[in-house]
Amino acid sequence: FHALLHVAVWSILLFVPISLHLESPDVIGIRWTVRNVTVMTMCLIAFYVNYLVAIDKLYYTRRYLLFIIANAILFWALQHFRDWGCVTLENLLAENIRPPHKMSDAAHRLFVFNDIIYFALVVLAALGVRHSALISEVELRNKKLENETLTSELSLLKYQIQPHFFFNSLNNIYALISLSPSSAQKAVHSLSKMMRYMLSTLNQNFVPVKSEAELIQSYISLMKLRMPAKFHIEAHFC
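All of these numbers come straight from a predicted model, not from anything done at the bench.

Draft legend 1. A look at the side chain of R130. For R130, the location among the structural elements is in helix α4 (residues 105-177). Using a relative accessible area of 11% as the deciding quantity, one classes R130 as buried. Once residues lying within four places of it in the same chain are set aside, the contact partners of R130 are Y51, I55, D56, Y60 and E137.

Here it is in structure tokens:
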């Protein structure tokens, strides 16, 4: 999902200038299209260099000066790339209309100033997006760790309860053999069903409700062995 969102956002930013050029295919429209496309390309490169490398390697390791220097070098390199891209595309697209326009020094300085603002905003955006992604990763990792911890605790609890319950049930059955062999046989059958069920579902996250109901019935029948004869238990399953 995040990858598709990135592709969608940058596709819109890159292709909107081209769609505007199609509406006004004159020299000025071509030049502004070239200008916007090269600037957006520069912003895209700056964003992902920071998002994928510089923020993790420099900013989050508190090497802020190196982070600033690296971005200054990146901006200088992208500026040269943008200037070369503008000249090349203008020569390619506008050669049949009129000679490429020579930009004045004042206009060039204005464009450079605008590029600095764009570049700074892109770096800040990369910081924000990367920080949000990192928070999501940490939350997902913590949630996964909590689930694994809970699963381990439940498994440990099962291992602790099973021997205790098993030996108590065996003692009750042993005492019942001389008093009521048929009841002892039923108790052994219930105990074996419970042990088989607990072993077969030990690592399962989901089990049928019917199987859980049968387990409860077997548990109740074993608990009755420890209760006085006048003790009455009713269980209803819908």
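Draft legend 2. Molecular detail of the packing of aromatic side chains. The tally for this structure, following the rule as stated, stands at seven aromatic pairs. Considering the side-chain rings of F75 and F119, the 5.3 Å spacing of their centres and the 70° angle between planes classify their relative orientation as edge-to-face. Pair noted here: F75 is in helix α3 (residues 64-94) and F119 is in helix α4, with a separation of 44 residues, a long-range link. Note on accessibility: F75 and F119 belong to one class, buried. By the ring-pair criterion, three or more aromatic residues cluster together here, those being Y59, Y60, Y64 and F67.

Cut-offs used in this document
Residues numbered from 1 in each chain as written. Predicted model: local features only at pLDDT ≥ 70, side-chain atom pairs only at ≥ 80, totals over all residues. Heavy atoms only, no water. Helix = DSSP H or I, 4+ residues; strand = E, 2+ residues; numbered from the N terminus. Buried < 20%, exposed > 50% of the residue type's maximum accessible area, 1.4 Å probe, protein only. Contact = heavy atoms within 4.5 Å. Phe/Tyr/Trp six-rings, centres within 6.5 Å; stacked < 30°, edge-to-face > 60°.

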